[in-house]
Amino acid sequence: MISVFDIGGSKVAGSAYVAGSGVSPIETEPTPTQDYFEFCRLLARMTAAGASGVGLSIAGVVDPKAGTVRAANIPCLSGKLLASDLEAVTGKPVFLINDAKAFALAEAHSEDNAQHDIVLGIILGTGIGGALVINGRCFQGEQGIAGEWGHGPASAARTGFALPDWSCGCGQTGCLDVFGGARGLERLHTHLSSHRQSSFEILKAWEQGDLDAGTTLDVYLDIVGGALANLVNIFDPSIIVAGGGLSGNSRLLNALEQELRLRCLAGGNAPGIRPASTGSIAALLGAGIHASQMVADNQKSMVRHGET
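So, a few notes on the structure that sits alongside this text. (Residues numbered from 1 in each chain as written. Predicted model: local features only at pLDDT ≥ 70, side-chain atom pairs only at ≥ 80, totals over all residues. Heavy atoms only, no water.)

**Examining the sheet that holds strand β12 (residues 239–243)**
Spatial strand order, β11-β10-β9-β12-β13: five strands in an open sheet with mixed pairing. Taken across any chain shown, the strands that pair with only one partner, and hence form the sheet edges, are β11 (137–138) and β13 (273–275). Bridge count between strand β9 (residues 118–124) and β12: five bridges; the pairing is parallel. The residue bridging Val-119 from the neighbouring strand is Ile-239, located in β12. (Pairing = 2+ DSSP bridges. Helix = DSSP H or I, 4+ residues; strand = E, 2+ residues; numbered from the N terminus.)

Structure (structure tokens):
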């Protein structure tokens, strides 16, 4: 059994994960965003005594080797050796994973997608995120940033639209993240039409045939579909699973799938885009799967080295 946590800027959700059984009822507490010691004490209190490890899913840049996190919505974590500090207070091995990677792991291990060897998980939420799962394992990369397709230069090559040089929270300018998430769609729509509408209002207007919304969505699909085509060309997944608020619009996913097939080498054989099936517990499930894999790896390593 693994104690698992979904760490957000407003609340910490904790549960117990058992392989093959999922997660048990979830306990929630407010996140101590400014007090690091209270943050660690809270997770120690919520960790089950009989757990063989602790898994944390958190929004931010996770360095799996150093055990650190850069999370803009939890300032107290900046520069802290979170994994080792939590191990000291819980007495258990602690494993960190980015929330998009946890989502992709949960989806790759779900009944719907378990037959796929290469699963690309994409987040179309407030911003853009993503992760790649190969043979049931999340591909982290050297710095733990593999799959972060939101933080690279965006382009609108098909429509020929010159993108504004908007600043991204990562410190760069013109990233896909500032155009491709819900806030990006809203900002793009205002830039193109001077209308201020929510992402859901824009999508509704698009579905109803509004010309301004149609222009915005054409540019949006060009930007996001082109970037997604690059990912598919590089990783060649057999399925793409989409999460986040925008993924709830089936017409948008269908249009993005069509754009992808126009833009990537596989053409009509490109993978389909499927909405997520694991729902609100994806982060907890993914954190549990990741931690279970790491605990098992550590045990095998100890056996090989004659430590048990």
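**Some remarks on helix α2 (residues 82–90)**
Turning to α2, its buried residues are Leu-82, Ala-83, Leu-86 and Thr-90. When α2 is viewed along its axis, its buried side chains cluster within an angular range of 95° and face the same direction. Those residues of α2 that are buried lie in contact with α1 (36–46), β5 (53–58), β7 (68–70) and β8 (94–98). At the exit of α2 stands Gly-91, carrying a positive phi of roughly 75°. (Buried < 20%, exposed > 50% of the residue type's maximum accessible area, 1.4 Å probe, protein only. Arc of directions from axis to C-beta. Contact = heavy atoms within 4.5 Å.)

**Here's the deal with unusual backbone geometry**
Not every positive phi belongs to a glycine, and Asn-135 is a case in point at roughly 50°. Assessed through its relative accessible area of 58%, Asn-135 is described here as exposed. In this model, Asp-236 sits at a positive phi of 50°, which is unusual for a non-glycine residue. With respect to the secondary-structure elements, Asp-236 resides in the loop between α7 (211–235) and β12. What makes Asp-236 exposed here is its relative accessible area of 55%.

**A short note on the environment of Val-18**
Residue placement: Val-18 occurs in strand β2 (residues 11–18). Along the backbone, Val-18 and Leu-285 are 267 residues apart, and their C-alpha atoms lie at a distance of 9.3 Å.

**Observations concerning the pattern of salt bridges**
For the structure on display, the rule yields ten salt bridges. Here Arg-45 and Glu-38 are joined by a salt bridge, their closest N and O atoms 3.1 Å apart. On the basis of relative accessible area, Arg-45 is assigned to the exposed category, the value being 56%. Residue class for Glu-38 comes out partly exposed when judged on its relative accessible area of 22%. Among the salt bridges present, the one from Arg-263 reaches Glu-259, with a minimum N-O distance of 2.7 Å. On the criterion of helical spacing, the pair formed by Arg-263 and Glu-259 is a turn pair, its members being four residues apart in helix α8 (residues 250–263). When its relative accessible area of 27% is taken as the criterion, Arg-263 is described as partly exposed. In this structure Glu-259 comes out as buried when scored by relative accessible area, which is 6%. A cluster of three or more residues bridged by salt bridges with shared partners is formed by Arg-158, Asp-218, Asp-222, Glu-259 and Arg-263. (Salt bridge = Lys/Arg side-chain N within 4 Å of Asp/Glu carboxyl O.)

So, to be careful, I would describe these as geometric facts and stop short of saying anything about function.
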